[in-house]
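Residues per chain, in single letters:
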Amino acid sequence: MPEVPETMRAVLLTGHGDLDVYAFEHHWPVPKPGPGEVLIKVHACGLNNTDVNTRPAWYSKSVSSGTTGRQSSEAHQADATWGGAAIQFPRIQGADVCGTVVAAHDDSGSDLLGRRVLVDTWLRNWDQPMDLDQCGYFGSECDGGFAEYTIADARAVHAINSSLSHAELATFATSYITAENMLNRAQVGSGDMVLIPGASGGVGSALVQLARRRGASTVALCGEQKSAAVAALGADAVLPRNPGDLRTELKHAIGRDTVTVVADVVGGDHWPQLIDALARGGRYTCAGAIAGALVHFDLRTFYLRDLVFIGATIVPPGVFADLVDYIERGEIKPLLAETYPLAELVKAQQAFMAKRHVGNIVAMVDHEVSTA
Ligand SMILES: NC(=O)c1ccc[n+]([C@@H]2O[C@H](COP(=O)([O-])OP(=O)(O)OC[C@H]3O[C@@H](n4cnc5c(N)ncnc54)[C@H](OP(=O)(O)O)[C@@H]3O)[C@@H](O)[C@H]2O)c1
């Protein structure tokens, strides 16, 4: 095993605010694994909206706008995280780690030594792993992967055999387990027609691939300049992000004006049209609200059409192992838009927030020259 240094390069979130709350440290202490934990040398770490949302405290119930990545004067620190609590600073964010295990505290992680791994993004009480009330998020309730080393419970660390690059492997974790959990909870299967807003994004593109993987058909909504890339993922139809009259557009595209499932991470002003496109008994599953969390909800559509609403956030154990299997079998493909060196995490997050990309953006941790 390579020698582990005492200090490392790391990006710290030092408080809530705009991008200047990130600090790049050259000599931050390398964490020491505790009982049951392993030390991972991070190769690459994907970006995601949990980091963007937490930085300006967007999760606070006091904020009413969609995700902007800018600090809001409304935001309260007391409920600033996804789980409705305060965050401890400094915090190393970054949930989507691809790395190699270089040390284990004890036998529980010894079979992982030297293996390339992905990390389940959900922290669990491993005595009661099905208790979803006792969960945290990697890079939120503990330090994550925007650093040269990170630690994780060995039971959350999955060895992977794949010819994909470190950066490609770092595109999957958050988006794909979120998408798979949405589809599991809505019991999506062959025979379903799934409408997917935000289909060019991390979760949306995962939904297109994972719904298709289980035999469902998909209609994707995305920015028009991204529609060719989304169609290439296997969407049966691709419509513009704001399609005017959605039901009319659906009729043109798929021959009927309703779908059986809406799998949504966008919300916002167009939300009533999504709900109105659900057939009787249709299911609405939601894991995000990037365009706005407060929506206009006509209860009559809900009850008169016998709709089912399903929230989806905490992913039960087992789904991450399924994801690793899908990757190893080549059933889903990575959508790597861009990479940035760790030292340029702020630039990477600016590009991530600009939303000109399809798929995900990744910070490269071990392919850069230290400027220290
Ligand atoms: N509950 C969970 O555990 C969980 C997990 C992951 C993500 N999420 C949430 O799900 C949401 C999407 O995540 P993601 O990783 O898929 O995001 P992403 O990669 O940033 O993609 C979001 C996509 O939404 C579309 N969009 C439509 N209206 C938008 C607007 N007003 N502002 C920005 N984008 C808009 C954009 O595509 P077009 O330009 O093509 O329309 C964009 O590519 C976020 O709110 C995130 O916090 C939740």
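Everything numeric here is computed off the predicted structure, so don't read it as measured data.

Give a description of the nonpolar core that names residues and reports values.
Generally speaking, a soluble globular protein has its nonpolar side chains buried in company with each other. The biggest cluster of nonpolar side chains holds 106 residues, and the ones touching the most others in it are V38 and A363. Shared between two domains, this core takes at least three residues from each, and those domains are domain 1 (7-171 + 334-364) and domain 2 (175-311). Those residues in contact with A363 that sit more than four places away from it in its chain are A44, C45, L47, F146, Y340, L342, L345 and A348. In this structure, A57, W58, Y59 and V63 belong to the second largest nonpolar core, which totals six residues.

Residues and numbers for the sheet that holds strand β10 (residues 193-196), please.
The sheet built from six strands is open, its strands ordered β12-β11-β10-β13-β14-β15 with parallel pairing. Every other strand in the sheet has two partners, leaving β12 (237-240) and β15 (308-311) as the edge strands with one partner each. Neighbour-to-neighbour, the strand axes of the sheet open up by a mean angle of 20 degrees, direction not taken into account.

Account for helix α9 (residues 319-328), with residues named and values stated.
Considered for burial, the residues of α9 that qualify are F320, L323, V324 and I327. Viewed end-on, α9 has its buried residues packed into an arc of 100 degrees, placing them on one side of the element. Residues of α9 that are exposed and point more than 90 degrees away from the buried face comprise A321 and D325. Elements in contact with the buried residues of α9: β5 (116-119), β9 (157-159) and α3 (173-185).

Can you explain the packing of α3 against α9? Please cite residues and give values.
Where α3 meets α9, the axes come as close as 10 Å, and the angle between the chain directions of the two elements is 110 degrees. Of the possible angle classes, the one that applies to α3 and α9 is roughly perpendicular. As α3 runs across α9, the sense of the crossing is right-handed. Facing Y176, I177, E180 and N181 of α3, the residues of α9 in contact are V319, F320, D322 and L323. The class makeup of the residues in the contact of α3 with α9 is five nonpolar, one polar and two charged.

Provide a residue-level description of the packing of α3 against helix α4 (residues 202-213), including the pertinent values.
A pair of packed helices is captured by two measures, namely the crossing angle of their axes and the spacing between those axes. Where α3 contacts α4, the axes come no closer than 8 Å and their chain directions differ by 55 degrees. Between α3 and α4, the angle is such that the two are oblique. Both α3 and α4 take part in a crossing whose hand is right-handed. Contacts from T174, S175, Y176, T178, A179, E180, M182 and L183 of α3 reach α4 at G202, V203, A206, L207, L210 and A211. Taken together, the residues that form the contact of α3 with α4 break down as nine nonpolar, four polar and one charged.

Could you give an account of the domain arrangement of the protein chain, naming the residues involved and the relevant values?
For the protein chain, the assigned domains read domain 1 (7-171 + 334-364) and domain 2 (175-311). Placing a centre on the C-alpha atoms of domain 1 and another on those of domain 2 gives a separation of 27 Å. Across the boundary between the two partners, domain 1 contributes 11 residues, which contact 13 residues of domain 2. Class assignment of the residues belonging to the side of domain 1 that touches domain 2 gives a composition of two nonpolar, nine polar and no charged.

Give a detailed account of the pairing of strand β13 (residues 259-264), specifying residues and quantitative values.
Within β13, six of the six residues are buried, which leaves the element mostly enclosed by the surrounding structure. With two bridges joining them, β10 and β13 adopt parallel strand pairing. Note that in β13 the partner of L195 across the bridge is V262. Pairing analysis gives five bridges linking β13 to strand β14 (residues 278-286), with the strands arranged parallel. Across the sheet, residue V261 finds its bridge partner in β14, namely R283.

Calculation notes
Residues numbered from 1 in each chain as written. Predicted model: local features only at pLDDT ≥ 70, side-chain atom pairs only at ≥ 80, totals over all residues. Core = buried A, V, L, I, M, F, W, Y, C linked by C-beta atoms within 7 Å. Buried ≥ 20, exposed ≤ 12 C-beta atoms within 10 Å, placed from the backbone. Domains from an automatic or database assignment. Contact = placed C-beta atoms within 7 Å. Pairing = 2+ DSSP bridges. Helix = DSSP H or I, 4+ residues; strand = E, 2+ residues; numbered from the N terminus. Axes fitted to C-alpha atoms, helices over the stretch in contact; angles between N-to-C directions. Arc of directions from axis to C-beta. Parallel < 35°, antiparallel > 145°, perpendicular 65-115°, else oblique. Left-handed = near helix turned anticlockwise from the far one by under 90°. Nonpolar A, V, L, I, M, F, W, Y, C, P; charged D, E, K, R; others polar.

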